Structures are given as C-alpha cells and as structure tokens.
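Here is how the chains run, residue by residue.
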Amino acid sequence: MSANIMDGKAVARSIREGLKEEVEGLKKKGIHPGLAVVLVGENPASMVYVKNKGEACRSAGIYSEEHKLPEEMKEADLLRLIDQLNKDPRIHGILVQLPLPAHINKERVLASVSPEKDVDGFHEINMGRLLIGQEGLVPCTPLGIMKLLEHYHIPVEGRFAVVVGRSNIVGKPVAMMLLQRNATVTICHTRTKNMGEVCRMADILIAAAGRPGMITADMIREGAVVIDVGINRLDTGKLAGDVDFESASKRAGWITPVPGGVGPMTIAMLLYNTVKAAKMATGSNP
Ligand code: NAP
C-alpha cells in the first residue's frame, strides 16, 4: 500500500488565492489588512522567514512592514515599538519573530502584543481562549494542520489522535484543536513510555518533536493519517521531517511530505489570521 499525499503546497496556494480575492473585496470597503513583522538581530533562518512572510503578504495584497532591529537593542525599546504598532490603525497583525536574543524576556514581549493583533496566536489570552473553546486567533501551524485535514475530508470526530511533542507553538495547541473537533487525544513527549505502542494506536498521528526520522513505519498503524510537522536541517544540508517518509508512506493511508506539507500551510495561515484580525478590528463580516 502506498499512502495518499497531502499536498500542503497546493492547498496553501488555493487558500492564498482565496485570501487575495477576499483582500480585494475588503479594500473596496476601505479596509486594507496590514501586518507588521518585528525581527530582532540577524539570525539567518529568521531573516529568511521574515522575508518570505513579507513577500507572501504582498502577493495576497496585504500591506506589510518589516521592523529590523539590532541584536543589542533594549527590551524597553522593543516594548515601545510594539505599543506603537498596537495603536497603529494600518496594522491589524503583529508578529514578533522568534527566537529573541537572550537578554529580552520572550514572555513579556509576546504578552505586550494586543491579543486582537496577535496573528501568531501566542498571546496568553489567545492560548486561554483556545483552551476554553472561545473564538480567537490561534497559532498558524496547528491551524494549518486542521485546514489540511479539512481539505482532504479526513474525519476527526471519534478518532484516536496522538501528538508527539508538547510545545506551546505546535503540540499543545494542535492537541486542543483536535479535542475541540471531538478526537480522543494523547500527547507524547520525552518522558512518554512505550512511544511506539502509543503511536501505533493512532488513527491520526502528528509528529512535532524536531527529531529527524524518529517516526518509523513500525510506529504507524496501517492506514493511519500521518502529519509531519518537523523541519530538520541535516548535516548534508537537506531538509527532513520527523517521519521516515520512505518507510512510513508504505504503511500510512495519508501522509504529508517535508518539504511541501505543513510548512506552506503555516504561512498561508499567517495571512488568514491577518485578514481575520482586520475583519475583527473593522467589524467586517467574517
Ligand atoms: P520544541 O519546542 O523543541 O518541542 C519539541 C517537543 O517534542 C517537546 O515537547 C519534546 O518533549 C518533544 N520531543 C523531542 N524529542 C522527543 C522524543 N525523542 N520523543 C518524544 N518526544 C520528543 O519544538 P517545536 O517548536 O514544537 O517544533 C517541532 C518541530 O516542528 C521542529 O522540527 C520545528 O522545526 C518544526 N516546526 C515546523 C513548523 C512548520 O511550519 N512546519 C512550524 C513550527 C515548528 P519535552 O517537552 O519532553 O522536551
């Protein structure tokens, strides 16, 4: 058996085209969605992400501005900039690119972004809303995973989902979203015993550990849906997911590739959240 591929690149493209049309419609009503991306320092990967995010915004017709700040900047100055962006009516979404330099308190900075402009969904208020099932802005990668499942009409209700990883940006929020869709959810982490056994029970297996190739075919139930969130740069320079695609794709029913799976969905969801924030701010119909 060979798994069906969940083509995140194609799904993301069609979402982005839909958003572009929506932005055109909003502009006719005098609403121009805007995103501000804040980058502190010169982390090469972050610089690429910020550039890609800016380009993605512009291609969807979203106004975007990038604030590139020196590594040694003071936290107080960063908080002042975020305060200005919180008050700026042209800006509906604010994204602070992580990681931040060690001398800056990440939690304080993320909490300083207005929850209504928190397009990364990392603010404690939005995390809390997700936990209690209230409407809010939710993290882009988990949202992208849910949209992929939806696109391929993969049922979630009543199914057994296993999430490997418990980070605040992927593992925990995706587990909450699956729970909200009435899956039965188990979260694995480094202290989990019998990981293979737990994973083999999954109808839907989400791998978000950041360990290349750690999910092998023997950990997958025949016909399961396997979503690979991992993006790992190997010594060879190649990108690899957390799933051993070669063997896993012979056992899974559905699988996402890396690259071209969850990654493109994440950026599409950033645009989605920016448009959503603009609609919320202007009282425009969702
Ligand atoms: P993270 O903050 O490092 O969290 C990794 C999680 O995986 C932790 O909860 C950790 O458990 C668990 N883990 C690590 N090794 C494990 C093992 N051997 N067995 C069981 N659990 C293990 O990572 P993250 O930010 O969530 O990212 C995870 C991966 O997704 C990375 O490869 C990252 O690059 C990728 N990612 C991709 C996208 C995308 O757009 N596709 C977006 C975000 C992240 P403990 O809590 O016990 O330490």
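Residues numbered from 1 in each chain as written. Predicted model: local features only at pLDDT ≥ 70, side-chain atom pairs only at ≥ 80, totals over all residues. Heavy atoms only, no water.

**Student:** Whenever I open this one, the environment of Leu39 confuses me. Can you help?
**Tutor:** Take Leu39: it is sitting in strand β2 (residues 34-40). Sequence separation between Leu39 and Pro257 is 218 residues, and the spatial gap between their C-alpha atoms is 29 Å. Excluding residues within four positions of it along the chain, Leu39 makes contact with Ser46, Met47, Val50, His67, Lys68, Leu69 and Gln97. (Helix = DSSP H or I, 4+ residues; strand = E, 2+ residues; numbered from the N terminus. Contact = heavy atoms within 4.5 Å.)

**Student:** I tried to follow the packing of aromatic side chains on my own but got confused; where do I start?
**Tutor:** What characterises a pair of aromatic rings is the spacing of the ring centres plus the angle enclosed by the ring planes. Tallying each qualifying case throughout the model produces 1 aromatic pair. Their ring planes at 50° and their centres at 5.2 Å tell us that Tyr152 and Trp254 sit as a pair that is tilted. Of the two residues, Tyr152 is situated in the loop between α6 (140-151) and β5 (160-164) and Trp254 in strand β11 (residues 254-255); the sequence distance between them amounts to 102 residues. (Phe/Tyr/Trp six-rings, centres within 6.5 Å; stacked < 30°, edge-to-face > 60°.)

**Student:** Even after reading the chapter, I still don't get the domain arrangement of the chain, so can you show me in this structure?
**Tutor:** Interface size is commonly expressed as the accessible area that is lost once the parts come together. Domain parsing of the chain yields domain 1 (29-129) and domain 2 (140-263). Its C-alpha centre places domain 1 at a distance of 28 Å from the equivalent point of domain 2. (Domains from an automatic or database assignment.)

**Student:** How should I be thinking about the side chain of Asp118 in this particular structure?
**Tutor:** Within the fold, Asp118 resides in the loop between α4 (106-112) and α5 (124-132). Buried within the structure, Asp118 lacks any salt-bridge partner; Arg129 is the closest side chain of opposite charge, at an N-O distance of 7.3 Å. At 3.2 Å, the side chain of Asp118 and the backbone nitrogen of Phe122 are in polar contact. (Buried < 20%, exposed > 50% of the residue type's maximum accessible area, 1.4 Å probe, protein only. Lys, Arg positive; Asp, Glu negative; His and termini not counted. Salt bridge = Lys/Arg side-chain N within 4 Å of Asp/Glu carboxyl O. Polar contact = N/O pair within 3.5 Å; in protein donor to acceptor, adjacent residues only side chain to side chain.)

**Student:** What am I meant to see in the sheet that holds strand β3 (residues 63-69) here?
**Tutor:** What holds strands together in a sheet is hydrogen bonding between their backbones, with the strands either parallel or antiparallel. Taken together, 3 strands build an open sheet; the order of strands is β3-β2-β4 and the sheet is parallel. Every interior strand has two partners, whereas the edge strands, β3 and β4 (93-96), have only one. The average undirected angle you get between the axes of adjacent strands in this sheet is 15°. Judged from the 4 bridges that link them, β2 and β4 form a sheet pairing that is parallel. Within the sheet, the bridge partner assigned to Ala36 lies in β4 and is Ile94. (Pairing = 2+ DSSP bridges. Axes fitted to C-alpha atoms, helices over the stretch in contact; angles between N-to-C directions.)

**Student:** Looking at this structure, how should I read the nonpolar core?
**Tutor:** Side chains that are nonpolar tend, in soluble globular proteins, to be buried together. Formed by 54 residues in total, the largest nonpolar core has its most connected members in Leu149, Leu178, Ile206 and Ile227. Here this core takes 10 residues from helix α10 (residues 262-282), the largest share from any one element. The residue makeup of this core includes at least three contributed by each of domain 1 (29-129) and domain 2 (140-263). Discounting chain neighbours no more than four positions away, the residues touching Leu178 are Met146, Leu149, Val156, Ala161, Val163, Ala183, Val185 and Ile206. In terms of nonpolar packing, the next biggest core, distinct from the first, is built from 20 residues, Phe160, Val162, Val198 and Ala202 among them. (Core = buried A, V, L, I, M, F, W, Y, C linked by side-chain atoms within 4.5 Å.)

**Student:** Could you clarify how one ought to interpret the layout of surface pockets in this entry?
**Tutor:** Its boundaries defined by the atoms lining it, the second largest pocket holds a volume of some 340 Å³. In this structure, the second largest pocket is lined by 15 residues; those nearest its centre are Glu135, Val138, Leu143, Met177 and Gln180. For the lining of the second largest pocket, the secondary-structure elements that each account for two or more residues are α6, α7 (171-180) and α10. Counting residues per element, the lining of the second largest pocket draws most heavily on α6, which supplies 4 residues. (1 Å grid on protein atoms, 1.4 Å probe; cavity = no way out; pocket = protein on both sides within 12 Å on 5 of 7 lines; lining within 4 Å. Points joined across faces, edges and corners; volume = space filled by probe spheres on them.)

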